[in-house]
Amino acid sequence: MFSLPHRSPRDLPFTHDHTALLLVDMQRAWLEPQFDAHLNTAEAEYFIRRARQQVIPNQQRLLNALRAARHNVLHTHIESLTADGRDRSLDHKLSDMHLPKGSPEAQIIAELAPLENEIVLPKTSSGVFNSTNIDYVLRNLQTRHLIIAGIVTDQCVDMAVRDAADRGYLVTLVEDACATYTEQRHLACLNAIKGYCWIADTDTVLGRLQEMQP
């Protein structure tokens with residue numbers, strides 16, 4: 001079973017002007033019952049409770065801290081580039097996953113709404129590094145430390161962590177700002193990806209941000 005604190009060679013001090021936050025798929029389609037009937041079932045009780053009581057409040061704390069310190073914030077969400085979804089990945093077509101461009105369900109939830117000057121990257125695959133230009137953007141921002149949080153832990157978040165690590169970023173995963181559909185799946189994912197990132201909780205990450213020297 002995974003437990004904190006997590007010892008990792010990636011546990012390094014954040015550096016000023018080289019640290020960014022990425023929030024993954026915090027959108028209405030997966031968090032509001034009118035768009036996802038599954039959220040009204042007993043199977044989803046754990047997920048929606050964790051999302052509402054822990055994940056979203058912790059992400060708000062992270063957002064406030066990064067914004068106050070004027071660090072870069074990026075959001076990614078699943079959204080087709082077209083209304084009919086013809087640009088989607090084959091996997092999304094086979095999975096019948098289509099959130100049309102500009103649709104209400106594709107939008108990021110109000111609690112975490114991006115500010116005007118924050119970067120929003122729509123994607124049509126599980127991996128943000130596969131279907132967006134995020135690597136190009138992060139390098140232009142001179143990012144070295146990438147803090148990641150979002151849903152769901154063992155799918156799109158997992159892929160963001162692994163792909164970012166492979167591309168040379170120092171990844172921090174904020175464990176209590178992520179969720180998937182069962183606690184077992186969440187913990188299994190943390191065990192599987194702990195070699196690709198430093199896993200910490202929100203309080204620890206906020207403390208690390210406060211220690212950062214300009």
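In this report, we go over the structure that sits alongside the text. As the structure is a prediction and not an experimental result, all values here were calculated from the model.

A separate point is the sheet that holds strand 4 (residues 145-151). Strand order in the open sheet made by the 6 strands is 3-2-1-4-5-6, with parallel pairing throughout. Edge strands, defined here as strands with exactly one partner in the open sheet, are strand 3 (119-123) and strand 6 (198-200). Shown here is a sheet whose adjacent strand axes are inclined to one another by a mean of 25°, direction ignored. Pairing analysis gives 6 bridges linking strand 4 to strand 5 (residues 170-179), with the strands arranged parallel. Along strand 5, the bridge assignment pairs G150 with C178.

Okay, unusual backbone geometry next. For the bond running from L4 to P5, omega is 0°, close enough to zero to count as cis. Despite not being glycine, D96 shows a phi value in the positive range, around 55°. Take D96: it is sitting in the loop between helix 3 (90-94) and strand 3. In this structure D96 comes out as exposed when scored by relative accessible area, which is 66%.

Taken together, the buried positions of helix 7 (residues 183-193) are H186, L187, C189, L190 and I193. All buried residues of helix 7 lie within an arc of 160° about the axis, which places them on one face of the element.

This brings us to the packing of helix 6 (residues 153-166) against helix 7. How two helices sit against one another is set out by the angle between their axes and by the gap between those axes. Look at helix 6 against helix 7: their axes get within 10 Å of each other, and the N-to-C directions meet at 15°. Taken together, helix 6 and helix 7 sit at an angle that is classed as roughly parallel. Helix 6 and helix 7 meet at a crossing whose hand is right-handed. Here T153, D154, Q155, D158, V161 and R162 of helix 6 lie close against helix 7, whose contacting residues are R185, H186, C189, L190, A192 and I193.

The next point concerns the pattern of salt bridges. Between side chains of opposite charge, a pair can form as their charged atoms come close. Under the counting rule described, the total for this entry stands at 13 salt bridges. Among the ionic pairs, R28 bridges to E32, the shortest N-O distance being 2.9 Å. What makes E32 buried here is its relative accessible area of 14%. For D158, the salt bridge is made with R162, and the minimal N-O distance between the two is 2.5 Å. In this pair, D158 and R162 both sit in helix 6, 4 residues apart, roughly one turn of the helix. A residue is classified by how much of its surface remains accessible, and D158, at 10% relative accessible area, is buried. Ionic contacts of the salt-bridge type, sharing partners, join the residues D11, R208 and E211 into one network.

Parameters at a glance
Residues numbered from 1 in each chain as written. Predicted model: local features only at pLDDT ≥ 70, side-chain atom pairs only at ≥ 80, totals over all residues. Heavy atoms only, no water. Pairing = 2+ DSSP bridges. Helix = DSSP H or I, 4+ residues; strand = E, 2+ residues; numbered from the N terminus. Axes fitted to C-alpha atoms, helices over the stretch in contact; angles between N-to-C directions. Buried < 20%, exposed > 50% of the residue type's maximum accessible area, 1.4 Å probe, protein only. Arc of directions from axis to C-beta. Parallel < 35°, antiparallel > 145°, perpendicular 65-115°, else oblique. Left-handed = near helix turned anticlockwise from the far one by under 90°. Contact = heavy atoms within 4.5 Å. Salt bridge = Lys/Arg side-chain N within 4 Å of Asp/Glu carboxyl O.

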